Amino acid sequence: MDRWLGTIMYIAEKVPDGIPSRTHLQVIVYYALKALGMDTDEAGFVCGHQGPHSRFIEDCCDALVDDGCLVEESDGRLRVSAVCVTPGIPPSDPLDASKAESLIRYLSRLSSEELLLHVFTDDAVVENGMEPDTKTMGVVLDRRVEIARGMVIGGKASIMRGAELADMDPVVFMGLIDSATNGASPREYGSD
């Protein structure tokens, strides 16, 4: 099996509930490749309106759907087919595999807006020359405090990560969480 198809299958296998969308798949593959020390340029990633996008990865996804290894449901969710006999190709280094699996699980749990906030606030994406669509980015960043607060309350991010996403002082951000949770302990909410 081609290593790219195997990598996508490996990623899909780590999300038993399915990957929420093709946009999620693109972003998850991008970050998983980085976590595994693989070259994102080799996969042809460029900046898209919804974050990193690779036509090559899109073609690989189409091939996996056409071959019956991935099933694309009516809501756009991608799942590993029950009849697929082609396993994903795991990383050879267990530490790399652990990092990638944690990242895959985290990113696959995010809503589209939360995923975009993660991408648009990632300095490494900007350092790699990816400049997202400014209109889409503006809409998400205008709501960044609300989105980040929801992520912390929903257990998807720690208070420190939420403050970072909201671009706020952690103490001030914790005050927002306290007021939203009626003073419940911030430790009850999420971890990275």
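Note that the coordinates shown come from a computational prediction; the quantities given were computed from them, not determined experimentally. (Residues numbered from 1 in each chain as written. Predicted model: local features only at pLDDT ≥ 70, side-chain atom pairs only at ≥ 80, totals over all residues. Heavy atoms only, no water.)

A. Representation of the overall build of the protein chain in the model. From N to C terminus, the protein chain includes ten helices and four strands. Walking the protein chain from its N terminus toward its C terminus, one meets helices and strands in the order α-α-β-β-α-β-β-α-α-α-α-α-α-α. Within the protein chain, contacts between residues separated by at least 24 positions form 65% of all contacts whose residues are at least 6 apart in sequence. With an accessible surface of roughly 9600 Å², the protein chain has 51% of that area assigned to carbon and sulfur atoms. (Helix = DSSP H or I, 4+ residues; strand = E, 2+ residues; numbered from the N terminus. Contact = heavy atoms within 4.5 Å. Areas by Shrake-Rupley, 256 points an atom, 1.4 Å probe, with all protein chains shown as cover.)

B. Local environment of the packing of helix 2 (residues 22–35) against helix 5 (residues 112–120). One way to put it is that helix 2 packs onto helix 5 with a least axis distance of 11 Å and a crossing angle of 35°. Note that helix 2 runs across helix 5; the crossing there is left-handed. Across from Thr23, His24, Val27 and Tyr31 in helix 2, the residues of helix 5 making contact are Ser112, Leu115, His118 and Val119. Tallied by class, the residues present in the contact of helix 2 with helix 5 amount to four nonpolar, four polar and no charged. (Axes fitted to C-alpha atoms, helices over the stretch in contact; angles between N-to-C directions. Left-handed = near helix turned anticlockwise from the far one by under 90°. Nonpolar A, V, L, I, M, F, W, Y, C, P; charged D, E, K, R; others polar.)

C. View of helix 3 (residues 55–66). Between the first and last C-alpha of helix 3 there are 16 Å, a value that for twelve residues agrees with the 16 Å anticipated at 1.5 Å per step. Of all the positions in helix 3, only Ile57, Glu58, Cys60, Cys61 and Leu64 are classed as buried. Buried residues of helix 3 fall within an arc of 160° about the axis and therefore sit on the same side. On its buried face, helix 3 sits against helix 1 (3–13), helix 2, strand 2 (51–53), strand 3 (70–72) and strand 4 (78–80). A side-chain oxygen of the first residue of helix 3 lies 3.2 Å from the backbone nitrogen of phenylalanine 56; this N-cap is serine 54. (Expected span 1.5 Å × (residues − 1). Buried < 20%, exposed > 50% of the residue type's maximum accessible area, 1.4 Å probe, protein only. Arc of directions from axis to C-beta. Polar contact = N/O pair within 3.5 Å; in protein donor to acceptor, adjacent residues only side chain to side chain.)

D. Molecular detail of the environment of methionine 9. Following the sequence through the fold, methionine 9 ends up in helix 1. Overall, the relative accessible area of 0% leaves methionine 9 in the buried class. Linking methionine 9 and glycine 88, residues 79 residues apart in sequence, is a C-alpha distance of 4.4 Å.

E. Representation of the environment of alanine 35 within the structure. Positionally, alanine 35 belongs in helix 2. In the structure, alanine 35 is positioned 62 residues away from alanine 97 in sequence and 8.7 Å away in space, judged by C-alpha atoms. Aside from chain neighbours lying at most four places away, what touches alanine 35 is Asp96, Lys99, Ala100 and Leu103.

F. Here's a closer look at the pattern of salt bridges. A full pass over the atoms with the stated rule returns 13 salt bridges. Between lysine 14 and glutamate 101 there is a salt bridge; the shortest N-O distance is 3.6 Å. With a gap of 87 residues between them, lysine 14 in the loop between helix 1 and helix 2 and glutamate 101 in helix 4 (residues 94–109) connect regions that are remote in the sequence. Judged by relative accessible area, which is 21%, glutamate 101 ranks as partly exposed. (Salt bridge = Lys/Arg side-chain N within 4 Å of Asp/Glu carboxyl O.)

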